[in-house]
Amino acid sequence: MIEQNVPLRPFNTFGISVSAKMLAHITDPELLREVIMDPHLKKERKFVLGGGSNVLFTGDVDALVLKNEIGGMNLIAEDADAYYVRSGAGVIWQDLVEYCILNKYPGIENLSLIPGNVGAAPMQNIGAYGVELKDVFRSLEAMDLQTGEIQEFDAADCAFGYRESVFKKELKDRSVITSVTLRLLKNAPLNTSYGAIEQELERLGIGSPTIADVSRAVINIRQRKLPDPTKLGNAGSFFKNPVVDRFKFDDLRSEFPQIPGYHSDEKVKLAAGWLIEQCGWKGRVVGNTGCHAYQALVLVNHGNASGAEILELSERIARSVSDRFGVQLEREVNVY
Ligand code: FAD
Ligand code: NAP
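Residues numbered from 1 in each chain as written. Chains lettered and ligands numbered in written order. Predicted model: local features only at pLDDT ≥ 70, side-chain atom pairs only at ≥ 80, totals over all residues. Heavy atoms only, no water.

The 4 strands lie next to each other as 1-2-5-3, forming an open sheet whose pairing is mixed. Among the strands making up the open sheet, the edge pair consists of strand 1 (2-7) and strand 3 (46-49). Within the sheet, the average angular offset between the axes of one strand and its neighbour, ignoring direction, is 35°. Of the strand pairs in this sheet, strand 3 and strand 5 (residues 61-68) are connected by 4 bridges, and their pairing is parallel. Pairing of F47 across the sheet is with V65, part of strand 5. Contacts from helix 1 (residues 29-37) reach strand 1, strand 2 (19-26), strand 3 and strand 5, with the element oriented near 140° to strand 2. (Pairing = 2+ DSSP bridges. Helix = DSSP H or I, 4+ residues; strand = E, 2+ residues; numbered from the N terminus. Axes fitted to C-alpha atoms, helices over the stretch in contact; angles between N-to-C directions. Contact = heavy atoms within 4.5 Å.)

This is the structure:
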């Protein structure tokens, strides 16, 4: 049941060749409890792995990897306003999106084609095209790795932020999300104003889009712009978009009039990809690593890069952005 010395290359989308001391395929919460409470394994460090699309391994993992494969998804309730859909944490996120589209449950179509598993979605409050997980989140269940107890979390407990949650901070590697329940509003308006969705719907000749059409548009845009991890190793955006105050933004705009900025309250979100591109990194190849040609925010493995090489490239990029704009980039990817 517990495998030893397991190569992790197939289990991370950067395609980094490292191995794990031990790995267990976790197919249900009871098995998870058995594994973590096993007296022989109690002292081992634990590492939770989903689809491996948001991790960078910089060395072998000296831990018991808990590979989350808890399945199952179904409609658990319905009221006048919403559908409630519960999914096991090991379900592939895109399978959940397709299930919802097939059943005409609106709300997550803009999150189409995000790699990874349902269980990792709350971890960084996944987001794309103007929708975040928190907008459709109802609750989740998570197991405490010390006690084996299952606890229920509502949105406030999760402390969702911009690509953040309590699971990325205090509870990182201390708690395993085992299931997630979404609340999908029946009359949720379609969100097509973000990015190139409207243009893509026009290109497809669609005047009155359904959720399936919006999903198709998002998939088309993503497939054109983002590298397919099965062909070119990557973990999506390496950095978060930095958020600065209005005064910093005004200073930047007076020096760089083209700088994009998205206002929300007193803060302004910058586009990290634009900052990196301005520093000349877009499309650059550095040894085995590089910056993607279409989106500078995505760092790639051109072959046999090690995690350390990718980390080093990311640090060079962050330094150049800091030197030029006085803005510190924060990593989105989880480095181990
Ligand atoms: P993993 O990489 O396996 O894990 C990520 C982190 O979560 C790790 O620290 C891990 O320990 C922890 N974790 C995993 N599962 C659990 C669990 N069950 N309980 C507790 N902790 C857990 N992200 C976006 O937000 N929006 C996007 O549009 C987007 N686009 C992407 C495009 C590409 C091409 C790629 C490669 C990545 C993209 N990502 C995007 C990043 C990534 O897909 C998401 O963050 C995704 O949710 C990660 O899921 P995963 O199962 O692969 O997590
Ligand atoms: P894009 O459309 O080129 O836009 C660049 C950045 O500007 C995005 O990061 C986005 O921020 C922001 N932006 C654009 N329009 C906006 C608006 N109307 N309001 C507020 N912010 C706006 O981005 P892209 O690279 O093609 O990605 C498209 C979407 O997919 C984005 O939402 C992005 O987050 C998501 N994506 C995420 C990852 C990842 O790994 N996290 C990877 C690929 C794509 P936001 O990121 O806050 O949306």
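What follows deals with the environment of F249. Within the secondary structure, F249 is located in helix 6 (residues 246-255). Owing to a relative accessible area of 2%, F249 belongs among the buried residues under this scheme. Separated by 18 residues in sequence, F249 and K231 have C-alpha atoms that sit 37 Å apart. Apart from the residues lying within four places of it in its own chain, the contact partners of F249 are V244, I259, P260, G261, H263, V268 and L270. (Buried < 20%, exposed > 50% of the residue type's maximum accessible area, 1.4 Å probe, protein only.)

By nearness alone, 35 residues border ligand 1, and V48, G51, S53, R222 and Y336 come closest of all. The backbone of G51 places a nitrogen or oxygen atom 2.7 Å from an oxygen atom of ligand 1. The side chain of N68 places a nitrogen or oxygen atom 3.2 Å from a nitrogen atom of ligand 1. Here ligand 1, which alone exposes 980 Å², has 95% of that area covered by the protein. The set of elements that each furnish at least two residues to the shell around ligand 1 consists of strand 3, strand 8 (127-128), strand 12 (175-185) and strand 13 (233-237). Here the shell around ligand 1 is built from residues that sort into 16 nonpolar, 16 polar and 3 charged. (Near = heavy atom within 4 Å. Polar contact = N/O pair within 3.5 Å; in protein donor to acceptor, adjacent residues only side chain to side chain. Areas by Shrake-Rupley, 256 points an atom, 1.4 Å probe, with all protein chains shown as cover. Nonpolar A, V, L, I, M, F, W, Y, C, P; charged D, E, K, R; others polar.)

Of note, M22 is situated in strand 2. The buried category is assigned to M22, whose relative accessible area is 6%. Those residues in contact with M22 that sit more than four places away from it in its chain are I2, E3, Q4, L41, E44, A63, L64 and V65.

With that settled, consider helix 5 (residues 211-225). A rise of 1.5 Å per residue sets the reference length of helix 5, with its 15 residues, at 21 Å; its end C-alpha atoms lie 21 Å apart and thus fit the reference within 8%. What helix 5 keeps buried is the set I211, V214, S215, A217, V218, I219, N220, I221 and R222. Close packing links the buried residues of helix 5 with helix 2 (93-102), strand 8 and helix 4 (197-203). (Expected span 1.5 Å × (residues − 1).)

On to the site of ligand 2, then. Near ligand 2 there are 16 residues, and of these Y162, Y194, K225, K269 and Q295 occur at the shortest range. S237 is positioned with one of its backbone polar atoms (N or O) 2.8 Å from an oxygen atom of ligand 2. A distance of 2.6 Å separates an oxygen atom of ligand 2 from a polar side-chain atom of K269. Across the complex, the protein chains shield 77% of the 800 Å² of accessible surface that ligand 2 would expose by itself. Contributing elements (two or more residues each) for the shell around ligand 2: strand 8, helix 5 and strand 13. Its residues assigned to classes, the shell around ligand 2 comprises 6 nonpolar, 5 polar and 5 charged.

Shape descriptors only; they carry no functional weight alone.
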